[in-house]
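Residues per chain are reported as follows:
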Amino acid sequence: MTQKKFITIYETLRKDIIESRISYGAQLPSEHELVESYQASRETVRKALNLLVREGMIQKIRGKGSIVIYQGVTEFPFADLTSFREVQRGLGLQHDTEVKMIESITAGDVPRVKEALNISMNTVLCHVVRTRKIDDRVKIIDEDYLIEEIVPNVTAEIATNSLYQYIEETLGLEISYSNKSITFEPFGEMEYEVFGEINPAYTATVRGIVHLKDTTIFQYNISKHLATEFKFNDFSRRHKL
């Protein structure tokens, strides 16, 4: 089945906006111009534009047409369980991961993680710290604690490429779901070192406990985003009681 034309128009315009070929504050071509350009009906073009409005990419203004309001914030699907690599591929962005630390520790060294994973003090963990760059600028600090008995032999190469790809494709495990929380926290020494002087000096910090399909907990993740560039996307429907 061929992809519906309004999806093609939407994806093309979205990529142009994300990659700054159409910049913040710029006006999209008029509906008439888009109809001509894509050889599509006006209804098809409007469906594509409505999707962009729904995602917060553009705003329709009477008398001015469709204006780009996307400002290049870090998009991460808080409600989904998705790796950074998968997210950036989906957005079509150039990204780079650098492993800052990889070491074996025991759970007793990190009481909060021990409690979250519900493990003994002597359980061996693989501790990985990575930075995520987009357009040569660090956007995210990822800190992972993995139970080594479940996820053994993690190397810097694996961590640079994709932990989830290694877990699923090499180890043959099925990652299923996670419980996440988000808090806004002031910079510590590591954040100043990695992000630099930012005002306000706060991170949007997402903590997640990740489970396999059989409900086994194997990972505790701390993902620190610049608070000024963090965008939380979710969908809520009202249910009357």
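Source: prediction; values computed, not measured.

Q: Would you mind showing me how to read unusual backbone geometry here?
A: Among all residues save glycine, negative phi is the norm, and among peptide bonds the norm is trans. With an omega dihedral of 0°, the bond running from N199 to P200 counts as a cis peptide bond. Even without a glycine there, the phi angle at Q39 is positive, about 50°. With respect to the helices and strands, Q39 occurs in the loop between helix 2 (31–38) and helix 3 (42–54). Even without a glycine there, the phi angle at N118 is positive, about 55°. With respect to the helices, strands and loops of the structure, N118 is situated in the loop between helix 5 (111–117) and strand 5 (124–134).

Q: How do you make sense of a nonpolar patch on the surface when you look at a structure like this?
A: Together, I182, F184 and Y202 line one region of the surface with nonpolar side chains, adding up to about 290 Å² of accessible area. With respect to the helices, strands and loops of the structure, Y202 is situated in strand 8 (residues 202–212).

Q: Looking at this model, I keep getting lost on the environment of K180. Mind explaining?
A: Relative to the assigned elements, K180 resides in strand 7 (residues 175–186). Along the primary structure K180 and I222 are separated by 42 residues, whereas in three dimensions their C-alpha atoms are 9.7 Å apart.

Q: Teacher, can you tell me more about the sheet that holds strand 7 here?
A: Sheets are built from strands that pair by backbone hydrogen bonding, the pairs being arranged parallel or antiparallel. Spatially, the 6 strands line up as an open sheet ordered 4-5-6-9-8-7, and their pairing is antiparallel. The open sheet has two free edges, formed respectively by strand 4 (95–106) and strand 7, since each of these has just one partner strand. Neighbouring strand axes in the sheet, compared pairwise and without regard to direction, differ in orientation by 15° on average. Sheet topology note: the strand 5/strand 6 (residues 137–147) ladder contains 10 bridges and is antiparallel.

Q: Help me understand the pattern of salt bridges, please; the structure alone is not making it clear to me.
A: Applying the stated criterion to the full structure yields 10 salt bridges. Here E31 ties to R42 by a salt bridge, and the two come within 3.2 Å at their closest N and O atoms. A residue pair is termed long-range when its members are at least 10 positions apart, and E31 in helix 2 and R42 in helix 3 qualify at 11 residues. For R42, a relative accessible area of 38% gives the class partly exposed. Across the pair K224 and E191 runs a salt bridge whose closest N-O atoms are separated by 3.7 Å. In this pair, K224 is assigned in strand 9 (residues 217–226) and E191 in helix 8 (residues 189–195), connecting sequence segments 33 residues apart. Since its relative accessible area comes to 10%, K224 is described here as buried. With relative accessibility at 6%, the residue E191 sits in the buried group. One salt-bridge network, held together by shared partners, links E185, E191, R207 and K224.

Q: How should the packing of aromatic side chains be read in this particular structure?
A: How two aromatic rings sit relative to each other is given by the distance of their centres and the angle of their planes. In total, this model carries 3 aromatic pairs according to the counting rule given. Geometrically, the ring pair formed by Y145 and Y220 is tilted, given 6.5 Å between the ring centres and 45° between the ring planes. Taken together, the positions of Y145 in strand 6 and Y220 in strand 9 put the pair 75 residues apart, joining distant regions of the chain. Taken as a pair, Y145 and Y220 share a single burial class, namely buried. Taken together, the ring pairs connect F187, Y192 and F195 into an aromatic cluster. Lying across the ring of F6, K47 places its NZ or CZ 5.4 Å from the centre.

Q: Help me understand helix 1 (residues 5–18), please; the structure alone is not making it clear to me.
A: One full turn of an α-helix is made of 3.6 residues, so residues set three or four places apart face in the same direction. The end-to-end C-alpha distance of helix 1, which contains 14 residues, comes to 20 Å, matching closely the 20 Å that a straight helix rising 1.5 Å per residue would cover. Along helix 1, the residues that are buried comprise F6, I9, Y10, L13, R14, D16, I17 and I18. Positive backbone phi, at 65°, marks S20, one or two positions downstream of helix 1.

Q: Teacher, can you tell me more about the packing of helix 2 against helix 3 here?
A: When two helices pack together, their arrangement is given by the angle between the helix axes and the distance between those axes. Direction vectors running N to C along helix 2 and helix 3 enclose 110°, while the axes themselves pass 9 Å from each other. Our classification of the angle between helix 2 and helix 3 gives roughly perpendicular. Taking contact as the criterion, the partners of E31, H32, L34 and V35 in helix 2 are, on helix 3, R42, V45, R46 and L49. Of the residues that constitute the contact of helix 2 with helix 3, the class distribution is 4 nonpolar, 1 polar and 3 charged.

Thresholds, definitions, all that
Residues numbered from 1 in each chain as written. Predicted model: local features only at pLDDT ≥ 70, side-chain atom pairs only at ≥ 80, totals over all residues. Heavy atoms only, no water. Helix = DSSP H or I, 4+ residues; strand = E, 2+ residues; numbered from the N terminus. Patch = residues over 30% accessible without salt bridge, like charges linked within 9 Å, V, L, I, M, F, W, Y side chains within 5 Å. Areas by Shrake-Rupley, 256 points an atom, 1.4 Å probe, with all protein chains shown as cover. Salt bridge = Lys/Arg side-chain N within 4 Å of Asp/Glu carboxyl O. Pairing = 2+ DSSP bridges. Axes fitted to C-alpha atoms, helices over the stretch in contact; angles between N-to-C directions. Buried < 20%, exposed > 50% of the residue type's maximum accessible area, 1.4 Å probe, protein only. Phe/Tyr/Trp six-rings, centres within 6.5 Å; stacked < 30°, edge-to-face > 60°. Lys NZ or Arg CZ within 6 Å of the ring centre and 35° of its normal. Expected span 1.5 Å × (residues − 1). Parallel < 35°, antiparallel > 145°, perpendicular 65-115°, else oblique. Contact = heavy atoms within 4.5 Å. Nonpolar A, V, L, I, M, F, W, Y, C, P; charged D, E, K, R; others polar.

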